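Coordinates in review
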Amino acid sequence: MTAKTSTSPSIPSKSGSFIVPKELLESDSATLLDLYDWNAEHNPQWPLFRFLDEAGATTLRWKEVAMATHRAAYFFDTRTQKSEGRPTIVALLANTGAI
């Protein structure tokens, strides 16, 4: 993970400053998981997703989403057949109208 540097801009708000992962966003090799991990470390309590359901509003924060992505990656990694020298590719499809 990349440490906060003096070049990492921040966005002020009532609940503190969101630190922008500038170097990570400009990297050609960063993955979505890298982005989740970076924000879990530097912006753990900031909301990533917010949605309404029958129970009311639910907020998912960077830290808990990053932890869930690692659990999902482990789940698929332990249950898929691996090919020598080739990455495992998993695709998830969801009908957003049904979630």
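A quick note: this is a predicted structure, and the numbers were derived from the prediction, not measured.

Before going further, it helps to examine the pattern of salt bridges. Here the structure, examined in full by the defined rule, presents 2 salt bridges. Two residues, E26 and K22, come together in a salt bridge whose shortest N-O distance is 3.4 Å. With E26 and K22 both in helix α1 (residues 22–26), this residue pair falls 4 residues apart, about one helical turn. E26 sits in the exposed class, given a relative accessible area of 54%.

Now for the packing of aromatic side chains. Enumeration over the complete set of coordinates arrives at 3 aromatic pairs. Here the aromatic rings of F18 and W46 are separated by 5.4 Å at their centres, their planes lie at 75°, and the arrangement is edge-to-face. Here the residue F18 occupies a position in strand β2 (residues 16–19), and W46 occupies one in the loop between α2 (32–42) and β3 (47–53), the gap between them amounting to 28 residues. Seen from their ring centres, F75 and F76 are 5.2 Å apart, and the 85° between their planes marks the pair as edge-to-face. The class of F76 is partly exposed, set by a relative accessible area of 27%.

We now examine the confidence of the model for the chain. Predicted coordinates in areas of low pLDDT are best not read in detail. Taken residue by residue, the chain gives an average pLDDT of 83. The fraction at 70 or more is 83%. Here residues 1–6 is modelled with pLDDT under 50, and outside its nearest four sequence neighbours on either side it reaches 10 contacts, counting other chains as well.

Here we come to the side chain of N39. Considering the arrangement of structural elements, one finds N39 in helix α2. Its relative accessible area of 1% is what places N39 among the buried residues. If near-sequence neighbours (up to four positions away) are discounted, N39 is found in contact with F18, I19, P21, P44 and W62.

In the contact formed by α2 and helix α3 (residues 62–79), the axes pass within 8 Å of each other and the chain directions differ by 140°. Considered as vectors, α2 and α3 are oriented oblique to each other. The element α2 and its partner α3 pack so that their crossing is left-handed. Residues L33, L35, Y36, D37, N39 and A40 of α2 pack against W62, K63, V65, A66, T69 and H70 of α3.

Turning next to the nonpolar core. One finds F18, V20, Y36, A40, W62, V65 and A66 forming the largest nonpolar core, which totals 7 residues. Looking at this core, the elements with two or more residues in it are α2 and α3. Those residues in contact with Y36 that sit more than four places away from it in its chain are L48, F49, W62, V65, A66 and T69.

What follows is about the pairing of strand β4 (residues 56–61). Looking along a regular strand, one sees side chains alternate from face to face of the sheet. When β3 meets β4, the two strands line up antiparallel, connected through 6 bridges. In the sheet register, P47 faces β4, and the bridge partner there is R61. Hairpin connection from β3 to β4: 2 residues lie between these consecutive antiparallel strands.

Parameters at a glance
Residues numbered from 1 in each chain as written. Predicted model: local features only at pLDDT ≥ 70, side-chain atom pairs only at ≥ 80, totals over all residues. Heavy atoms only, no water. Salt bridge = Lys/Arg side-chain N within 4 Å of Asp/Glu carboxyl O. Helix = DSSP H or I, 4+ residues; strand = E, 2+ residues; numbered from the N terminus. Buried < 20%, exposed > 50% of the residue type's maximum accessible area, 1.4 Å probe, protein only. Phe/Tyr/Trp six-rings, centres within 6.5 Å; stacked < 30°, edge-to-face > 60°. pLDDT = per-residue confidence, 0-100. Contact = heavy atoms within 4.5 Å. Axes fitted to C-alpha atoms, helices over the stretch in contact; angles between N-to-C directions. Parallel < 35°, antiparallel > 145°, perpendicular 65-115°, else oblique. Left-handed = near helix turned anticlockwise from the far one by under 90°. Core = buried A, V, L, I, M, F, W, Y, C linked by side-chain atoms within 4.5 Å. Pairing = 2+ DSSP bridges.

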